[in-house]
Amino acid sequence: MASLLYTEFENKIRPYIDLIDSMRELGLAQDLPLPTIAVIGDQSSGKSSVLEMLSEVALPRGTGIVTRCPLELKLKNAVNGSPWNGQLRYRDYSVTLNSPHQVEEEIKKAQENLAGRTGLSSELISLEVESSCAPNLTLIDLPGIIRVPIGDQPQDIGLMIKNLIKSYIKKEETIILVVIACNVDIATTEALQMAQEADPKGERTLGVLTKPDLIDYNTEQDILKIINNKMVPLQKGYMLIKCRGQHDLIGNTSLANALEKETEFFCKNIHFRPLLDTKLASFQHLSTRLTNELVIQIRKCLPGIHEKIGSKISEITKQLNKLGGAVAEDTRTRVHNLTSKILVYCEELTNLAMGDYKNEYNPEMKLHHYAREKFTEWYAKLDIARIKLNENATNLAKHHEKYSQGRELPGFTKYRVFEAIIRDQIRELFDPSLEMVNEFSAKVATVCNTLACQHFNGLPVLISEIQFKIAEVCHKMEREAEQMIRTNFQMEEMVYAPDEMYSYKLSEFQSLSQQRGTNTTGNSNADVQTMVVHLQTYYQIAIDRLIQMVPMVLRYYLLQELSAQMKVELAQLYFHCKDLDALLREDDDTAEKRRALKDNLDRLTTARNLLMNH
Ligand code: GDP
Ligand code: MG
C-alpha cells in the first residue's frame, strides 16, 4: 500500500523535475533562469555533508575551498534493486560512473580542468545519480563563503565566490538552501545575510541547521527558537539535521549507517524529538520537503518560462530574418532574396535622388541638402566674380583701349574688345563649376557606398562588387556632367543674349551708372564708360544662365541618371554573375552569428515543445 502511494506521488513529481532537467540539459539556462535549489553556506557549515547525506554519494572533502565550480547534482530515484548509476558531464566531456566511489575523483578532475589547481570557475559540472536510495531532486552546490584567502588562492577569491553565489540566488526562480551550523552564532552567518539580501522577504529561502550534536550543554532551546522562526524568520522556515561528524569519518561510518545514527540521535534527544513528528528534523523529511518545494517552485515558474520562451523565439526569429533567415538558403532562394534586397536598395537610391528622406537617414546622407549647400557656395563664388568684374571693368576697358588705339576713330564701340573681355571672364567660372561636379560626385559615391554596406551587411563580396559598380557609374555620370558643362561654357564663347532681354538689362545698368555719376569710372572717356556698362550687363546675363544650367546638369546626371543607371547595373550584376555562391558568400562573422542564433532558436523551440507536451 505504502509503495503504491509512493509510486503515485512519483508519477506526479518526476515529470516536473525531468522537464526542468531536460531544459537545463538543452542549455536553456543561458537564455532564461530555471527553477532550481541552490545550496549555500559558510565554509565548514556542513554543506558537503548535507549533500552527501541527500545523495548518498561521497563528495570531495577537505580543508580550503573544496567546491570551486558550481556542481549540479541531479538525483533520481531508481526502482528498487537497480544498480547505482552515475554520469558526470562538463563542457563537452561526459563520463559514466559505476560506483559512488568514483565520484570524488572525477569531480576533482573536472574542477581542475575548469578552474585550474586553486582557481574558481562559474562553469557548471553536472552529476547525475540514479539510485534506489536517492530522492528525486536537483540541487546546485556552490562554493563555500570564505573570508580570507589562504595559500596561493587569488586575493579576491572571497569576492569572486560571493559574486558567483549571488548570480544564482538573485534569481526569483531559485530556492535558496542556506546551510548553517548550530554551533555558530546564526546572526553572523554570512550565507544567511546573503540570502536575506537576495530574498529580503525570505519567501524562497529555507534554512538547514547542522551539527545539533555539537552544541553546548543545555542550549537546545536556542536552536528551537531558530527553528520556530523566532530569531531570523523565513517563510519556508528551518530544518534540523545531523550529518556525519569527524568521528564518523575516521571511523568510516557509512552513509546509510549515518542516517540510522541520525534517527537515533533525534529520538534520544527530548528537546529535538518532537521535531520528527512536525517533520522539521531528519534527512528523511528534508529530502521529501525539498522535492516538494522544488516541484511547487517549478509549477509556479512554468507559465513565466513558457512566456519567456515565446518572446525569445520571436526576438531571435527577427534577428535571424535580418540576416536573411535561419539557414543559408539554396541559391535560388538567395537570388530571389537578393533581388528584392537590391530592389529595396535601388528604391532608396531613388529616394535619395528625389529627396524623399526616411527619418533614420543621418544628415550626411541627405544629398539634396548637400547639393543645396554646394550650390550656395558656388553662387557665392559667382557673386564674388561679378563684384570683381564691376570693380575692374574700367581697368579692363582701359587696358583694351590701349591695344586697340590707333586705327579706330574715337567713339566707336569696340565689339571685339567687348567679346574678348567677356570670354576671358566667363572662362574663369569654368574651373569652379567642374570642381563642384567632382566634389558632388565623390559625395554621391560615398553615400551610395554607405547605403550598400547597410543593405548588404554581412555579404562582403557583394558589397565590394556593388562598390565597384558605384565607382564606375559615378565616374561615368561625372564625365557626362562635365562634358555637358564644358559644352555650355563653349556655347558661352559665342556671347549671346536675346536682343530684347539685352536692351532691357542694358537700360537698367545705364541708369544705375548715371545715378552713380562719373565717380565709379573716374575721369575715363565716354568710350570706356559705355564699354563698362556693356560688360556689366552681359556678365550679369551670362551668370544668370549658368546659375540655372550648372545645378540642373548636376542634379540630372549625378542624382537622377545615376540612380537609374545603378538599377540597370545592379540588375546585370547578378544576371551576368557566373558564380552566385561566391558573390553571396557571407563573412565569417555573419555565418557564425547565424549559427549561434539558429542553435539558440532550436534550443528554445525544443524547450517549447517539451513544455507543450508536458
Ligand atoms: P562544508 O565546508 O560546508 O562543505 O562543510 P563540511 O560538510 O565539509 O563539514 C565540515 C565539518 O563539519 C566536517 O568535518 C563534517 O564532518 C562536520 N560536520 C558537518 N555536519 C555535522 C554534523 O551534523 N555533526 C557533526 N558532528 N559534524 C558535522
Ligand atoms: Mg564542502
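Higher on the page you've got the structure.
Now for a quick tour of the structure. Sequence order as written defines residue numbering, which begins from 1 separately in each chain. Chains and ligands are labelled sequentially in the order written, the chains with letters from A and the ligands with numbers from 1. Given that the model is predicted, a residue must reach a pLDDT of at least 70 before its local features are reported, and side-chain atom pairs must reach 80 or more before they are shown or counted; all residues, however, enter totals for whole chains, interfaces and linings. Each side-chain value is derived from all of the structure's non-hydrogen atoms; neither hydrogens nor water enter the calculation.

**Some remarks on the pairing of strand 6 (residues 137–141)**
With five of five residues buried, strand 6 is to be regarded as a mostly interior element. Three exposure classes are used, based on accessible area relative to the maximum for each residue type with a 1.4 Å probe and protein chains only: buried under 20%, partly exposed in between, and exposed over 50%. Numbering of helices and strands starts at the N terminus; helices are DSSP runs of H or I of at least 4 residues and strands are runs of E of at least 2. Side chains Leu137, Leu139 and Asp141 project from strand 6 onto one buried face, and the interleaved Thr138 and Ile140 project onto a second face that is buried too. Bridge analysis of strand 1 (residues 36–41) against strand 6 gives three bridges, and the strand direction is parallel. Bridge pairing links isoleucine 37 to leucine 139 in strand 6. Strand pairing is defined by DSSP finding a minimum of two bridges between the two strands. Pairing analysis gives five bridges linking strand 2 (residues 71–77) to strand 6, with the strands arranged antiparallel. Paired with leucine 71 across the two strands is aspartate 141, which belongs to strand 6.

**Description of the packing of aromatic side chains**
Any two of the Phe, Tyr and Trp rings considered here, Trp counted by its six-membered ring, make a pair once their centres fall within 6.5 Å; the pair's planes then place it as stacked at under 30 degrees, edge-to-face at over 60, or tilted in between. A complete count under the given rule lists twelve aromatic pairs for this structure. With a centroid separation of 5.1 Å and 70° between ring planes, the pair formed by phenylalanine 430 and phenylalanine 489 is classed as edge-to-face. You can see phenylalanine 430 sitting in helix 14 (residues 430–455) and its partner phenylalanine 489 sitting in helix 15 (residues 460–492), a full 59 residues away along the chain. Judged by its relative accessible area of 7%, phenylalanine 489 is buried. Here, a charge over a ring means that NZ of Lys or CZ of Arg falls within 6 Å of the ring centre while also lying within 35 degrees of the ring normal. Above the plane of the ring of tyrosine 168 lies lysine 171, whose end atom (NZ or CZ) is 5.3 Å from the centre.

**Some thoughts on the pattern of salt bridges**
One speaks of a salt bridge when a side-chain nitrogen belonging to Lys or Arg is within 4 Å of a carboxyl oxygen belonging to Asp or Glu. Throughout the structure, instances matching the rule amount to 37 salt bridges. The closest approach of N and O atoms between lysine 374 and glutamate 377, which form a salt bridge, is 3.2 Å. Separated by three residues within a single helix, lysine 374 and glutamate 377 lie in helix 12 (residues 367–404), roughly one turn from each other. Overall, glutamate 377 belongs to the partly exposed group, its relative accessible area being 43%. Lysine 374 is the salt-bridge partner of glutamate 439, the closest N and O atoms lying 2.4 Å from each other. With glutamate 439 in helix 14 and lysine 374 in helix 12, this residue pair connects regions lying 65 residues apart in the sequence.

**A few points about helix 6 (residues 220–227)**
Buried within helix 6 are the following residues: Glu220, Ile223, Leu224, Ile226 and Ile227. Down the axis of helix 6, the buried set is contained in an arc of 155°. They therefore lie on one face. Any two residues having at least one pair of non-hydrogen atoms within 4.5 Å are treated as being in contact. Its buried side turned inward, helix 6 meets strand 8 (205–210), strand 9 (238–240) and helix 9 (273–277). With its phi angle positive at about 65°, asparagine 229 sits one or two positions after the end of helix 6. Each direction from the helix axis to a C-beta atom contributes to the arc, which is the arc of those directions.

**Some remarks on the nonpolar core**
For our purposes a nonpolar core is just a set of buried Ala, Val, Leu, Ile, Met, Phe, Trp, Tyr and Cys residues, chained together by side-chain atoms within 4.5 Å. Judged by nonpolar contacts, the single largest core of 80 residues is most densely connected at Tyr345, Phe456, Leu462, Ile466, Ile470, Tyr538 and Leu562. Of all elements in the fold, only helix 11 (331–354), helix 12, helix 13 (415–427), helix 14, helix 15, helix 16 (499–516), helix 17 (526–575) and helix 18 (580–583) reach the threshold of two or more residues within this core. Looking at which element gives the most residues to this core, the answer is helix 17, with 23 residues. Those residues in contact with isoleucine 470 that lie beyond four places of it in its chain are Tyr345, Ala445, Cys448, Asn449, Ala452 and Met566. Counting residues in each nonpolar core, the second largest holds 66 residues, with Leu34, Ile125, Cys243 and Leu302 among its members.

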